[in-house]
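Survey of secondary and tertiary structure
Listed here are the chains, written in short residue letters.
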Amino acid sequence: MPPSEGTARDLIEAALGDTDPDGPLRWHVISVLCQRGDLESFIEARRLCAADTVEERMLGVDIMGMLRPFVDRTLPVLRFLAASEDDAMVLYAVLIAFGHLGDPRSLPSVIDLAAHMDARVRYGAAYALQHVLGDPPDRAGLEALRRLAADSDADVAGWASLGVSLRFRR
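Residues numbered from 1 in each chain as written. Predicted model: local features only at pLDDT ≥ 70, side-chain atom pairs only at ≥ 80, totals over all residues. Heavy atoms only, no water.

Comments concerning the overall build of the chain
For the chain, the helix and strand inventory stands at 10 helices and zero strands. For the chain, the sequential pattern of α-helices and β-strands runs α-α-α-α-α-α-α-α-α-α. The C-alpha atoms of the chain give 16 Å as radius of gyration, which agrees with the globular expectation for 170 residues (15 Å, within 12%). Dimensions along the principal axes, computed over C-alpha positions, put the chain at roughly 45 × 30 × 30 Å. Within the chain, the proportion of its 170 residues that are buried is 47%. Sequence-distant contacts in the chain: of pairs separated by 6 or more residues, those separated by 24 or more amount to 62%. Put simply, the chain shows about 8,500 Å² of open surface, and 54% of that area lies on carbon and sulfur atoms. Computed over 18 positive and 26 negative side-chain charges, the separation of the two mean positions in the chain equals 8 Å. (Helix = DSSP H or I, 4+ residues; strand = E, 2+ residues; numbered from the N terminus. Rg over C-alpha atoms; globule rule 2.2 N^0.38 Å. Buried < 20%, exposed > 50% of the residue type's maximum accessible area, 1.4 Å probe, protein only. Contact = heavy atoms within 4.5 Å. Areas by Shrake-Rupley, 256 points an atom, 1.4 Å probe, with all protein chains shown as cover. Lys, Arg positive; Asp, Glu negative; His and termini not counted. Charge placed at Lys NZ, Arg CZ, Asp CG, Glu CD.)

Printed below as a string of structure tokens:
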């Protein structure tokens, strides 16, 4: 049975034992920490974002992307990672977190990463853009989304095209 009690650090250690980034134990722990929505969970997630391993940084980002009560504290950490991280999967996770948080203050970081050489990062940008464009939608963000809709990677282009069509259906 997946853990649901204990300190945030105990839960995180259990999640790190699940080596699949989409693994059920890992996402159960993220869900539990999200439901708690407490300062301890945020502090542990922030600690992970500065860790040496990709797995720890990804877990920290995934947790932060679900902790909406801490968005004002989370965005600077995620924006720092967006500007400084080298690993494509961590950058992808940062973009997904930006999308989950849906805060237009992340838009400059998302636009910058929309031109990344790795298709996984551009896919994350295509997802995030439609959630952080603001209302009314930011012109530079819409232009980035349109560029992604013409991306050479079919998955990126498809997701961005969906985002463009949803934005103009409103």
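Side note on the environment of Arg-26
Examined against the element boundaries, Arg-26 turns out to sit in helix H2 (residues 24–36). What makes Arg-26 buried here is its relative accessible area of 5%. Residues within four places of Arg-26 in sequence aside, it is in contact with Ala-15, Asp-18, Asp-20, Pro-21, Met-58, Leu-59 and Asp-62.

Considerations on the packing of aromatic side chains
The tally for this structure, following the rule as stated, stands at four aromatic pairs. When the centroid spacing of 5.2 Å and the interplanar angle of 10° are considered together, the rings of Phe-42 and Phe-70 count as stacked. One end of the pair, Phe-42, is in helix H3 (residues 39–49); the other, Phe-70, is in the loop between helix H4 (54–64) and helix H5 (71–84), with 28 residues separating them in the sequence. Take Phe-70: its relative accessible area is 13%, and that puts it in the buried class. For the pair Tyr-127 and Trp-159, a centre-to-centre distance of 6.1 Å together with 25° between the ring planes defines the contact as stacked. Within this pair, whereas Tyr-127 is found in helix H8 (residues 119–132), its partner Trp-159 is found in helix H10 (residues 154–169), the two being separated by 32 residues in sequence. Through a chain of ring-to-ring contacts, the aromatic side chains of Tyr-92, Tyr-123, Tyr-127 and Trp-159 assemble into a single cluster. (Phe/Tyr/Trp six-rings, centres within 6.5 Å; stacked < 30°, edge-to-face > 60°.)

Points about the nonpolar core
Counting 52 residues, the largest nonpolar core has Ile-63 and Phe-98 as its most contacted members. Here the element with the most residues in this core is helix H6 (residues 88–101); it accounts for nine residues. Aside from chain neighbours lying at most four places away, what touches Phe-98 is Leu-75, Leu-78, Arg-79, Ala-82, Asp-103, Ser-106, Ser-109, Val-110, Ala-128 and Val-132. (Core = buried A, V, L, I, M, F, W, Y, C linked by side-chain atoms within 4.5 Å.)

Describing H6
With 14 residues, H6 extends 20 Å between its outermost C-alpha atoms, agreeing within 8% with the 20 Å of an ideal straight helix rising 1.5 Å per residue. Where burial is concerned, most of H6 is hidden: 11 out of the 14 residues are buried. Among all positions in H6, only Ala-88, Val-90, Leu-91, Ala-93, Val-94, Leu-95, Ile-96, Ala-97, Phe-98, Gly-99 and Leu-101 are buried. Packing partners of the buried residues in H6 comprise H4, H5, helix H7 (107–113) and H8. Directly after H6, the chain includes Gly-102, whose backbone phi takes a positive value near 60°. (Expected span 1.5 Å × (residues − 1).)

Considering the pattern of salt bridges
The full count for this structure, using the stated rule, is nine salt bridges. Put simply, Arg-9 and Glu-44 hold a salt bridge, and the shortest N to O gap is 3.2 Å. Here Arg-9 is found in helix H1 (residues 8–16), whereas its partner Glu-44 is found in helix H3, with 35 residues between them in sequence. On the basis of relative accessibility, which here comes to 41%, the residue Arg-9 falls in the partly exposed class. (Salt bridge = Lys/Arg side-chain N within 4 Å of Asp/Glu carboxyl O.)

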